[in-house]
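What follows is each chain in one-letter form.
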Amino acid sequence: MVPRPKGTSTGPKLFEQRRLELGQSFQDGGEHYERVRPGYPADSADWLIPDGAHDAADVGAGTGKFTALLVERGLAVSAVDPSSDMLAQLRKAYPQVNALEGTAEATGLADSAFDVVSVAQAWHWFDPLAASREAARILRPRGVIGLVWNQLDTSVPWVHRLSRIMHAGDVHKPDFRPAIGPEFTALESHLTRWEDPVTPEDLLELVKSRSYYLRANDVTRAKVMGNLQWYLFEHLGHVDGDVLMLPYLTQSWRARKA
């Protein structure tokens, strides 16, 4: 997550500006994002989706990484994202999904139309109170909001150093709880540990999909890539084509419409 500035009363305004700037970095590059970013473990969707659910809204859907799990489970899915480039990839992969441009704060979806609203790897880009109000509006009574994050498992020493080199800012602290509005109750969490098979080349591409890299200047980008190449090939001794099992933690949160 992007850290909230501390100090003066202008802090929230500065945080809001920074959040929007970083979020804009994902407007383009949908094909690259789809190719290099990991998906989500099936377990996260199985835990998140309430029994008897038929309709789902995937908000901040991007290229459809989490949308895929909803589709596989037979739900009728509407996917919302502000990036037309990201949605082009989603439409190509899942033509049966109702994909439309919109934001978490103004989805453009109908009132009380969904059993579950999912947000994967995107809640930290939203205004949580406005997004909560919008999610509550489009959910049916007792509907579920689900928030999901993939993050590197930094309890593994080599991954901890990797995350620092990559500037993987979405590694949450142990006491992390997502902020949600009063429209929801009974927030609970679920943790899934899993591994993604990647090559060193995959990791070099993965870093290029992160907001820190996308917003950096050429000098900073070159420094990040140089440090990562040294770490993977010289320090860890990998060669092109090696398969590394990259450990992930997937944090899933759910709450019911009050």
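Everything numeric here is computed off the predicted structure, so don't read it as measured data. (Residues numbered from 1 in each chain as written. Predicted model: local features only at pLDDT ≥ 70, side-chain atom pairs only at ≥ 80, totals over all residues. Heavy atoms only, no water.)

**Let's talk about the overall build of the protein chain**
Summing up its helical and strand segments, the protein chain has 10 helices and seven strands in all. Within the protein chain, the fraction of its 258 residues that count as buried is 52%. Summarising the internal contacts of the protein chain: among those between residues at least 6 apart in sequence, 75% fall at separations of at least 24. Carbon and sulfur atoms provide 51% of the accessible area of the protein chain, an area that totals close to 12,400 Å². (Helix = DSSP H or I, 4+ residues; strand = E, 2+ residues; numbered from the N terminus. Buried < 20%, exposed > 50% of the residue type's maximum accessible area, 1.4 Å probe, protein only. Contact = heavy atoms within 4.5 Å. Areas by Shrake-Rupley, 256 points an atom, 1.4 Å probe, with all protein chains shown as cover.)

**Details of the nonpolar core**
Most often, soluble globular proteins keep nonpolar side chains buried together rather than apart. The biggest cluster of nonpolar side chains holds 27 residues, and the ones touching the most others in it are Trp 123 and Phe 126. Residue assignment for this core shows that the elements contributing at least two residues are strand 1 (55-59), strand 4 (114-120), helix 6 (128-138), strand 5 (139-152), strand 6 (184-198) and strand 7 (244-257). Those residues in contact with Trp 123, other than ones at most four positions away along the chain, are Pro 128, Ala 131, Ser 132, Ile 145, Leu 147, Trp 149, Pro 178, Ala 179 and Ile 180. Counting residues in each nonpolar core, the second largest holds 25 residues, with Ala 56, Ala 68, Leu 69 and Ala 120 among its members. (Core = buried A, V, L, I, M, F, W, Y, C linked by side-chain atoms within 4.5 Å.)

**Quick look at the pairing of strand 3 (residues 98-101)**
Direction of pairing for strand 2 (residues 76-81) relative to strand 3: parallel, over a ladder of four bridges. In the sheet register, Ala 79 faces strand 3, and the bridge partner there is Ala 99. (Pairing = 2+ DSSP bridges.)

**Quick notes on the packing of helix 7 (residues 157-166) against helix 10 (residues 218-235)**
Following both chains from N to C, one finds helix 7 and helix 10 inclined at 160°, their axes separated by 9 Å at the closest point. It follows from the interaxial angle that helix 7 and helix 10 lie roughly antiparallel. Contacts between helix 7 and helix 10 involve Trp 158, Arg 161, Leu 162 and Ile 165 from the former and Val 224, Asn 227, Leu 228, Trp 230, Tyr 231 and His 235 from the latter. (Axes fitted to C-alpha atoms, helices over the stretch in contact; angles between N-to-C directions. Parallel < 35°, antiparallel > 145°, perpendicular 65-115°, else oblique.)

**Some points on the side chain of Thr 67**
Within the secondary structure, Thr 67 sits in helix 4 (residues 67-72). Residue Thr 67 is classed as buried on the basis of its relative accessible area, which comes to 0%. If sequence neighbours within four positions are ignored, Thr 67 has contacts with Asp 58, Ala 61, Val 77, Ala 79, Leu 90 and Val 97.

**Focus on the sheet that holds strand 2**
Pairing is mixed across the open sheet formed by seven strands, whose spatial order is 3-2-1-4-5-7-6. Two strands close off the open sheet at either side, each with one partner strand: strand 3 and strand 6. Direction aside, neighbouring strands of the sheet carry axes that sit 20° apart on average. Packing of helix 6 onto the sheet brings it into contact with strand 1, strand 4, strand 5, strand 6 and strand 7, and relative to strand 5 it is tilted by some 135°. Contacts from helix 8 (residues 200-207) reach strand 6 and strand 7 within the one sheet, and its direction differs from that of strand 7 by about 45°.

**Topic: the environment of Thr 250**
With respect to the secondary-structure elements, Thr 250 resides in strand 7. For the pair Thr 250 and Leu 152, spaced 98 residues apart in the sequence, the C-alpha separation amounts to 8.6 Å. Apart from the residues lying within four places of it in its own chain, the contact partners of Thr 250 are Tyr 40, Pro 41, Ser 44, Val 148, Trp 149, Asn 150, His 190, Leu 191, Thr 192 and Trp 194. A polar atom in the side chain of Thr 250 sits 2.8 Å from the side chain of Trp 194. (Polar contact = N/O pair within 3.5 Å; in protein donor to acceptor, adjacent residues only side chain to side chain.)

**Things to note about the environment of Leu 90**
Tracing the chain through its elements places Leu 90 in helix 5 (residues 84-93). Taking the C-alpha atoms as reference, Leu 90 lies 8.3 Å from Ala 61; in sequence the two are 29 residues apart. Here Leu 90 is in contact with Ala 61, Gly 62, Thr 63, Gly 64, Thr 67, Ala 79, Val 97 and Ala 99, once residues within four sequence places are set aside.

**Some words on the packing of helix 8 against helix 10**
Orientation of helix 8 relative to helix 10, taken along the N-to-C sense of each, is 160°, at an axis distance of 11 Å. For the element pair helix 8 / helix 10, the angle class is roughly antiparallel. Handedness of the helix 8/helix 10 crossing: right-handed. Judged by residue contacts, Pro 200, Leu 203, Leu 204 and Val 207 of helix 8 engage Val 224, Met 225, Leu 228, Gln 229, Leu 232 and Phe 233 from helix 10. (Left-handed = near helix turned anticlockwise from the far one by under 90°.)

**Examining the pairing of strand 4**
Most of strand 4 is tucked away: seven of the seven residues are buried. Note: strand 1 against strand 4, three bridges, orientation parallel. Residue pairing for strand 4: Ala 56 is matched across the bridge by Val 116. In this structure, strand 4 lies alongside strand 5, joined through six bridges in parallel fashion. For Phe 114, the partnering residue across the bridge sits in strand 5 and is Leu 139. Assessed by its sense of winding, the connection that carries the chain from strand 4 through helix 6 to strand 5 is right-handed. (Right-handed = clockwise from strand over helix to strand, strands pointing away.)

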